[in-house]
Amino acid sequence: RLGSVIAYFTSAKFLLYLGHALSTWGDRMWHFAVSVFLVELYGNSLLLTAVYGLVVAGSVLLLGALIGDWVDKNSRLKVAQTSLVVQNSSVILCGVILMIIFLFKTQLLTLYHGWLLTLCYILVITIANIANLASTATAITIQRDWIVVVAGEDRSKLADMNATIRRIDQLTNILAPMAVGQIMTFGSPMIGCGFISGWNLMSMCVEYLLLWKVYQKTPTLARKSVKVEASELKQLNAKKESDMKPAEGVQLIVEKDVSGFEPQQEKEVGCTARIAEPFITFRDGWVAYYNQPVFLAGMGLAFLYMTVLGFDCITTGYAYTQGLSGSVLSLLMGASAVTGIMGTVAFTWLRRKCGLIRTGLISGVAQFACLILCVISVFMPGSPMDLTVSPFADISARLFENEPLPTIASPEPEMIFATGMPNLLNGSIAPANSDPEMSPEPVPLISVSLLFAGVIAARVGLWSFDLTVTQLLQENVIESERGIINGVQNSMNYLLDLLHFIMVILAPNPEAFGLLVLISVSFVAMGHIMYFRFAQKSLGKQLFVCHTPDPKAAPDSSPPGNTSTV
């Protein structure tokens, strides 16, 4: 028994989990802290944070296909190690620059009329964006490729590994910001920068070693499908077959060993062709994504990003206007993590009972049913929704009545560090009723309670659905194109996420939040309708026939629902 325990803790699967946990912990600490640092640096204004968010989303949207193409064209170990080093080095460099700014901000303001400080801000945002792009490359290669190879052709093992990866994500999403928040609360932002830089330096060395060990323990990682055609995606740009059904099951196609792959001497390429190559790759990547048999499933997942019904700064900012305290919100976030983990458990159970595609259908119905509570909350007592108030009233008042732009209320920045929940709706961190003498009558909590009950309960279906689509992409995208297709999928996710922030910018006042909820639920419904259409094409008349899949069935056996599976 002791031998089996030791064998597990030294297996490629466990080492992959450990490396992912270290990487995700560092990522979550950095993403939380960098937004707080930018708020702190720019006079407690949200401007730099907004610019950073826009740059990050725009970069992944434009470069997602190119990053995926780079992942496909290079050996697995080279891609993983390069992206790891670039990501962690960028975070370390950013931390050092931020420490310098915090130490010498007064002096930097006086040099060259403040332009040197502005240059430092630009440098921080640029390097942080490079770190995020490298993180995207790491996620594509590890979570969409390495994990498939390590699982082999065991679909149940792949499903369990996907679910475990998501559980690690859920835990680090909560614990990492809490940890770094406490350090910044009881220390200072500069100490927080130093801690994150030190963590990333240590983590980079350990992760590098873990990647090498996983690579050694899994010989098939050294063999990778590569295409020999002039264009990587040439054959996928052909006309899409309307009756194509996904072959569910992991199909590891070993065509060429690229572990020591030396590219053949290429013909002389003109300057114009080199300039046009990224644009051609971008176009071919999106066309290839459209031609995938799981295109509708991927689009369905992307549409779920167009929502305010999550635990981001928008929803938590609204909660503050409704009188919820930071401590209550932290408990709600903890509850959402628990339901998210329940979703990963439900996914593995449903896949075994009903098959992969039907698991997505059941998860979608469960998520939408829970979100009905959010729709009901819009019309309950305590809801501030007032359609007679123009959604643009807040913007017009600030532009035409010379009101100051929203800024984070000072002097309590430690509240940001403790909760990470700046109120984006009225520009204040403190809850709307933080001062008993100045606050209006208490707002009824029926509406906001139903809202968060729906959001938290829907996480079960959401994460189960996410895992379903993730495994569908893993199983049905051929090995040599996993990178570029998943890169485009990331771009689609970021595009819809960007649209949801634009939606909030256009209607920022609390009276319009109910309208945003209704729009969000509509997009979720459209996403699941797309998935239903995909399932209908894939399963045909057997769509609603739920049965236990045969684990020994061939990967492409009929019905396609006999598969297993962020």
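Computed from a predicted model, the values in this text were never measured in an experiment.

About the cut-offs
Sequence order as written defines the numbering, with residues in each chain counted from 1. Reporting of local features is limited, given that this is a predicted model, to residues whose pLDDT is at least 70; pairs of side-chain atoms are given and counted only at 80 or more, and all residues count toward the totals for whole chains, interfaces and linings. For the side-chain quantities, the full set of heavy atoms in the structure was used; hydrogens and water were omitted. Counting from the N terminus, the helices are DSSP H or I runs at least four residues long and the strands are E runs at least two residues long. Partly exposed describes any residue whose relative accessible area lies between the buried limit of under 20% and the exposed limit of over 50%, with all areas from a 1.4 Å probe on protein chains only and scaled to the type maximum. For the area figures, the Shrake-Rupley method with a 1.4 Å probe applies, and any residue is considered shielded solely by the protein chains shown. Nonpolar cores are built from buried Ala, Val, Leu, Ile, Met, Phe, Trp, Tyr and Cys residues. Side-chain atoms within 4.5 Å join them into one set. For the domain bounds, the source is a domain assignment made automatically or taken from a database. Whether two residues are in contact is decided by their heavy atoms, any of which lying within 4.5 Å being enough. In this description, a line fitted to the C-alpha atoms serves as the axis of each element, helices being fitted only across the stretch in contact, and the angle between N-to-C directions of two axes falls anywhere from 0 to 180 degrees. Roughly parallel means an angle under 35 degrees; roughly antiparallel, over 145; roughly perpendicular, 65 to 115; everything else is oblique. One confidence number per residue, pLDDT, is output by the predictor and ranges from 0 to 100. Take the far helix as your reference; a near helix turned counterclockwise from it by less than a right angle gives a left-handed crossing, and one turned clockwise gives a right-handed crossing. For this classification, the nonpolar set comprises Ala, Val, Leu, Ile, Met, Phe, Trp, Tyr, Cys and Pro, the charged set comprises Asp, Glu, Lys and Arg, and every other residue, Gly included, is treated as polar. Counted as salt bridges are all cases of a side-chain nitrogen of Lys or Arg within 4 Å of a carboxyl oxygen of Asp or Glu. Here a Phe, Tyr or Trp ring, Trp counted by its six-membered ring, pairs with any other such ring whose centre lies within 6.5 Å, and the pair is stacked when the planes are under 30 degrees apart, edge-to-face when over 60, and tilted otherwise. The patches described consist of residues with a relative accessible area above 30% and no salt bridge, like charges being joined within 9 Å and nonpolar side chains (Val, Leu, Ile, Met, Phe, Trp, Tyr) within 5 Å. In what follows, a disulfide is any cysteine sulfur pair within 2.5 Å.

### A word on the overall build of the protein chain
Then, number 1: Scanning the protein chain from terminus to terminus reveals 17 helices and zero strands.
Then, number 2: Out of the 566 residues belonging to the protein chain, those deemed buried represent 52%.
Then, number 3: Surface exposure of the protein chain reaches about 25,200 Å², of which carbon and sulfur atoms provide 68%.

### A short note on the nonpolar core
Then, number 1: The biggest cluster of nonpolar side chains holds 67 residues, and the ones touching the most others in it are Val 308, Leu 309, Phe 452, Val 517 and Tyr 531.
Then, number 2: Of the residues that make up this core, three or more belong to each of domain 1 (1–221) and domain 2 (277–389 + 444–544).
Then, number 3: Residue contacts for Val 517: discarding those within four places in its chain leaves Val 308, Leu 309, Cys 374, Val 375, Val 378 and Leu 451.
Then, number 4: By size, the runner-up hydrophobic cluster in this structure holds 58 residues, among which are Leu 16, Met 29, Ile 97 and Ile 142.

### Some points on the packing of helix α8 (residues 271–290) against helix α16 (residues 482–506)
Then, number 1: α16 packs onto α8 with a crossing angle of 85° between their chain directions and a minimal axis gap of 9 Å. By the angle between their axes, α8 is roughly perpendicular relative to α16. Only Ile 484, Ile 485, Val 488, Gln 489, Ser 491 and Met 492 of α16 make contact with α8, whose side of the interface consists of Thr 281, Gly 285, Trp 286, Ala 288 and Tyr 289.

### Quick notes on the confidence of the model for the protein chain
Then, number 1: Predicted confidence across the protein chain gives a mean pLDDT of 80, with 77% of residues reaching 70 or more.
Then, number 2: Across the protein chain, the element-wise mean pLDDT spans from 39 in helix α14 (residues 414–419) up to 97 in helix α9 (residues 295–303).
Then, number 3: A low-confidence stretch, residues 228–266 (pLDDT under 50), is modelled with 87 contacts involving residues beyond four sequence positions or located in other chains.

### Quick notes on the packing of helix α12 (residues 356–378) against helix α17 (residues 513–539)
Then, number 1: Where α12 meets α17, the axes come as close as 10 Å, and the angle between the chain directions of the two elements is 165°. On the basis of the axis angle, α12 is roughly antiparallel to α17. α12 and α17 meet at a crossing whose hand is left-handed.
Then, number 2: Its residues assigned to classes, the contact of α12 with α17 shows 18 nonpolar, six polar and one charged.

### With respect to the pattern of salt bridges
Then, number 1: Under the counting rule described, the total for this entry stands at seven salt bridges.
Then, number 2: Here Lys 73 and Asp 69 are joined by a salt bridge, their closest N and O atoms 3.1 Å apart. With a gap of four residues between them, Lys 73 and Asp 69 both fall in helix α3 (residues 47–73), about one helical turn apart.
Then, number 3: By relative accessible area, which is 37% here, Lys 73 ends up partly exposed.
Then, number 4: Since its relative accessible area comes to 8%, Asp 69 is described here as buried.
Then, number 5: Close ionic contact of Arg 76 with Glu 479 constitutes a salt bridge, the shortest N to O distance being 2.4 Å. Note that Arg 76 is positioned in helix α4 (residues 76–110) and Glu 479 in the loop between α15 (446–476) and α16, a separation of 403 residues in sequence.

### What to know about the packing of aromatic side chains
Then, number 1: Applying the stated criterion to the full structure yields 16 aromatic pairs.
Then, number 2: Taking the centre distance of 5.7 Å and the plane angle of 45° together, the rings of Phe 311 and Phe 452 count as tilted. Of the two residues, Phe 311 sits in the loop between α9 and α10 (313–321) while Phe 452 sits in helix α15, which places them 141 residues apart along the sequence.
Then, number 3: Taking relative accessible area as the criterion, Phe 452 reaches 3% and is therefore assigned buried.
Then, number 4: Joined through ring pairs, the aromatic side chains of Phe 282, Trp 286, Tyr 289, Tyr 290 and Phe 295 make up one cluster.

### A short note on the environment of Arg 459
Then, number 1: Its location among the elements puts Arg 459 in helix α15.
Then, number 2: Beyond its immediate chain neighbours, meaning those up to four positions away, Arg 459 contacts Gly 310, Phe 311, Ser 336, Thr 339 and Gly 340.

### Here we look at a nonpolar patch on the surface
Then, number 1: Residues Leu 2, Val 5, Ile 6, Tyr 8 and Phe 9 make up a contiguous nonpolar surface patch of about 480 Å² in total accessible area.
Then, number 2: Positionally, Leu 2 belongs in helix α1 (residues 2–9).

### Some points on the state of the cysteines
Then, number 1: Throughout the structure, instances matching the rule amount to zero disulfides.
Then, number 2: Counting only cysteine sulfurs, Cys 94 is the nearest neighbor of Cys 193, a cysteine outside any disulfide, at a range of 9.2 Å.
Then, number 3: On the basis of relative accessible area, Cys 193 is assigned to the buried category, the value being 1%.

### Some thoughts on the environment of Cys 374
Then, number 1: With respect to the helices, strands and loops of the structure, Cys 374 is situated in helix α12.
Then, number 2: Residues Cys 374 and Ala 458, 84 residues apart in the sequence, show an inter-C-alpha distance of 9.9 Å.
Then, number 3: Each residue touching Cys 374, except ones within four places of it in the same chain, is listed here: Leu 309, Leu 450, Leu 451, Gly 454, Val 455 and Val 517.

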